[in-house]
Amino acid sequence: MGILFKNGTVVTASDMVQADVLVEGEKVVLIGQNLPTRGHEVINCKGKYLMPGGIDVHTHLDLPFGGTYSNDDFDIGHKAAAFGGTTTHIDFVIQPKGGSLHDGLKIWQEKAKPAQIDYGFHMAVTDLRDDVMAEIPSLVDEGITSLKLFMAYKNVFQIDDATLYKAMEQSAKHGMIVMVHAENGDVEEQLRKQLLAEGKTDPVWHYSSRPPEIEGEATNRAAVMAGLTGCPLYVVHVTCEPAVAAIRRARALGAPVMGETCVQYFYVTRDKHLGAPGFEGSKYVCSPPVRNAEHHAVLWQAVKDGTLQAVSTDHCDFWYEGGVGPWQEWGKAHNGGDWIGYEKQDPSYRRPGKELGKGDFSKIPNGMPGIEDRMMVMWHLGVNSGRLSPTRFVELNCTNPAKIFGCYPQKGTIAVGADADILVWDPNKRHTISASTHHMKCDYNVYEGLKVKGVPQQVYLRGKRIVDGGIWLGKNGEGRFVRRAPHAPVL
Ligand code: URP
Ligand code: ZN
Ligand code: ZN
């Protein structure tokens, strides 16, 4: 006996068809019209869309960063993702200082033990010694086929051009893809020092230390290296016109360059959000910074015309006040006080957050929440406004991420043989996004008060219902590591 999704509209990257979908065990086994019910559990999907579970290929759960750790972990962060319709994510393992890539991998494998949705790992290389270079090919055997290098965050994660070039040569040989955080970290350091010396310490000055030009320059530099080495390049969190222009030009010249943007870069602005009075703007400090509407328009065009192939979140959340305030009260309201993360080990510990940067914008932990919001906000801003078709929505949020990162068609589509990661999406249901109702371990929401239409009513992970309306049905440890294949296509 299986689960029969009846009378829904199946949306994939290519089609929207009225069809029934039969799931047996963890897989989709049949798609057709008027399929017999035969003792299956029948889910009436009339008026609903059946879409593949979202794939968020850019997250940072429990990341040591900015003098603290990002808040959401592989327990609560997974739950939040699922409530928003994301059933798979790929997180970044960080090579520890002085350690090997496998040292980092072990740390992230430990973090992932409470997993509730499926997950993969990218490997962020911070120190490309000869022994680390030699270690890279073995990652492919572990199902890790993407490297990440940071061209910014000087003295923390930043690598130099020679390192990036060598990593690309090595990756190209082994069918891996290289991802870059593209900002010129050396120029950023100079701008930051000048601003602080002039007494410009409020959150809004974060923008001036990282202008669009330094993002465009670094994007172009990485794209040139992709052309020279033949290594597929994926530029993460593209925010602005100069970066889009660099990717478009590289692609026109035939270089294997791809890119993503993140949902917040369509909505959050420098003027209204980052420039909010007092310390409020710290909530929106991330790198590269949020930009104003003229760049949002460029990003919409880029996701429409294929210059950018995917939308992710860069989910990396920190308390705004919870780190010094009543986080226990907040925890009770959201999780019945049942923390599984760091608070359980030491209830007196308060994980620091955005307040670390009071009086110095450069000390504000960089990042914001979004793993729960991405699908709803992209549907609302993209599909409801007519900017994106439902099929392009699925392509950007599910299918292309799976293809680019080597787990398609197991993930990212509804097809016979694919994992039954299925969203029963109600395009008419309304929801107001708010920190008071979200499941992320964060005391603010970037989209606070945004009224969206279109939500995941039910969420299935490999044939198991894990979300039903507001009810959580998943279990710790049921999320599984996704081994990804090398030689994924360049889209
Ligand atoms: O501000 C950000 N983006 N924080 C997370 C780390 C990164 O650069 O992706
Ligand atoms: Zn980054
Ligand atoms: Zn990131």
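For the structure, see preceding data.
A brief look at the structure comes next. (Residues numbered from 1 in each chain as written. Chains lettered and ligands numbered in written order. Predicted model: local features only at pLDDT ≥ 70, side-chain atom pairs only at ≥ 80, totals over all residues. Heavy atoms only, no water.)

Examining the overall build of the chain
The secondary structure content of the chain amounts to 14 helices and 19 strands. The globule rule puts the C-alpha radius of gyration for 491 residues at 23 Å, and the 21 Å found for the chain is close to it. Taken along its principal axes, the extent of the C-alpha atoms in the chain is 70 × 50 × 45 Å. Here the chain holds 491 residues, and 63% of them are scored as buried. Considering only residue pairs separated by 6 or more positions, the chain has 78% of its internal contacts joining residues 24 or more positions apart. Within the structure as shown, the chain displays about 17,200 Å² of accessible surface, and the carbon and sulfur contribution to it stands at 52%. (Helix = DSSP H or I, 4+ residues; strand = E, 2+ residues; numbered from the N terminus. Rg over C-alpha atoms; globule rule 2.2 N^0.38 Å. Buried < 20%, exposed > 50% of the residue type's maximum accessible area, 1.4 Å probe, protein only. Contact = heavy atoms within 4.5 Å. Areas by Shrake-Rupley, 256 points an atom, 1.4 Å probe, with all protein chains shown as cover.)

Here's the deal with the site of ligand 1
Around ligand 1, a shell composed of H58, H60, F65, Y153, H181, H237, C286, S287, D314, C316, N366 and G367 is seen. A distance of 3.1 Å separates an oxygen atom of ligand 1 from a polar side-chain atom of H60. Between ligand 1 and S287 there is a distance of 2.8 Å, counted from an oxygen atom to a backbone nitrogen or oxygen. Each residue belonging to the shell around ligand 1 can be placed in one class, and the counts come to 4 nonpolar, 7 polar and 1 charged. (Near = heavy atom within 4 Å. Polar contact = N/O pair within 3.5 Å; in protein donor to acceptor, adjacent residues only side chain to side chain. Nonpolar A, V, L, I, M, F, W, Y, C, P; charged D, E, K, R; others polar.)

Examining the coordination of the zinc ion (ligand 3)
At 1.9 to 2.1 Å from the zinc ion (ligand 3) lie its protein donor atoms, namely H58 (NE2), H60 (NE2) and D314 (OD). Within one chain, the residues serving as donors to the zinc ion (ligand 3) are arranged as H-x1-H-x253-D. A separation of 3.8 Å is found between the zinc ion (ligand 3) and the zinc ion (ligand 2). On the criterion of sequence distance, the pair formed by H58 in strand β6 (residues 54-59) and D314 in the loop between β15 (310-312) and α11 (327-335) is long-range, its members being 256 residues apart. Each member of the pair, H58 together with D314, is buried. (Donors = N, O, S within 2.8 Å, 3.2 Å for Na, K, Ca; no water.)

Structural notes on the coordination of the zinc ion (ligand 2)
Each protein donor to the zinc ion (ligand 2) is listed here as H181 (ND1) and H237 (NE2); together their distances run 2.1 Å. Geometry at the zinc ion (ligand 2) is irregular, judged from its 4 donor atoms and the angles of 56 to 151 degrees they form at the metal. (Tetrahedral: all angles 85-135°; square planar, octahedral: opposite > 155°, others 65-115°.)

A short note on the sheet that holds strand β11 (residues 146-150)
Across the sheet, 8 strands lie side by side as β6-β9-β10-β11-β12-β13-β14-β15; this open sheet has parallel pairing. Every interior strand has two partners, whereas the edge strands, β6 and β15, have only one. Ignoring which end each strand starts from, the neighbouring axes of this sheet average 30 degrees apart. Pairing geometry for strand β12 (residues 177-181) and strand β13 (residues 233-235), over 3 bridges, is parallel. Residue pairing for β13: M179 is matched across the bridge by Y234. In the packing of helix α7 (residues 212-229) onto the sheet, the strands contacted are β12, β13 and β14 (257-262), and the crossing angle to β13 comes to about 165 degrees. Packing against the sheet, helix α13 (residues 374-383) makes contact with β6, β9 (86-94) and β15, and its axis sits at approximately 110 degrees to β6. (Pairing = 2+ DSSP bridges. Axes fitted to C-alpha atoms, helices over the stretch in contact; angles between N-to-C directions.)

So, the packing of helix α8 (residues 241-252) against helix α10 (residues 293-305)
Taken N-terminus to C-terminus, the directions of α8 and α10 make an angle of 25 degrees; their axes are 9 Å apart at the nearest point. Judged by the inter-axis angle, α8 sits roughly parallel to α10. Once α8 is placed against α10, the crossing between them reads as left-handed. The segment α8 lies against α10, with E241, P242, V244 and R248 engaging H295, V298, L299, Q301, A302 and D305. In terms of residue class, the contact of α8 with α10 is made up of 5 nonpolar, 2 polar and 3 charged. (Parallel < 35°, antiparallel > 145°, perpendicular 65-115°, else oblique. Left-handed = near helix turned anticlockwise from the far one by under 90°.)

Comments concerning the pairing of strand β3 (residues 27-32)
Pairing analysis gives 5 bridges linking strand β2 (residues 16-24) to β3, with the strands arranged antiparallel. Opposite L22, over in β3, you have L30 as the bridge partner. Between β2 and the antiparallel strand that follows it, β3, lie 2 residues; G25 among them carries a positive phi value of about 60 degrees.

Describing the nonpolar core
Formed by 115 residues in total, the largest nonpolar core has its most connected members in F121, L147, L164, V178, V180, L233 and V257. The dominant element in this core, judged by the number of residues it contributes, is α13, at 7 residues. With sequence-adjacent residues up to four places away left out, V257 is seen in contact with A223, A226, L233, V235, I247, A250 and R251. (Core = buried A, V, L, I, M, F, W, Y, C linked by side-chain atoms within 4.5 Å.)

Here's the deal with unusual backbone geometry
Backbone torsion omega between S287 and P288 reads -5 degrees, so that peptide bond is classified as cis. Examined against the element boundaries, P288 turns out to sit in the loop between α9 (270-274) and α10. The amide bond that connects Y408 to the next residue, P409, takes the cis arrangement and shows omega of 5 degrees. The residue P409 is located in the loop between α14 (390-404) and β16 (422-432) in this model. Here the phi dihedral of D314 falls at roughly 55 degrees; this positive angle occurs in a residue that is not glycine. Relative accessible area serves as the criterion here: at 9%, D314 is assigned to the buried category.

Details of α14
The end-to-end C-alpha distance of α14 is 20 Å, a good match for the 21 Å that 15 residues give at a rise of 1.5 Å each. A bend of about 45 degrees at L396 is the largest found in α14. Among the 15 residues in α14, 13 count as buried, and that is most of the element. Positive backbone phi, at 75 degrees, marks G406, one or two positions downstream of α14. (Expected span 1.5 Å × (residues − 1). Bend = angle between axes of the 7 residues up to and from the residue.)

Concerning the pattern of salt bridges
Applying the stated rule across the entire model yields 30 salt bridges. Where K411 meets D118, a salt bridge forms, and the shortest distance between an N and an O atom there is 2.7 Å. You can see K411 sitting in the loop between α14 and β16 and its partner D118 sitting in strand β10 (residues 118-124), a full 293 residues away along the chain. Accessibility classification places K411 together with D118 in one group, the buried group. (Salt bridge = Lys/Arg side-chain N within 4 Å of Asp/Glu carboxyl O.)

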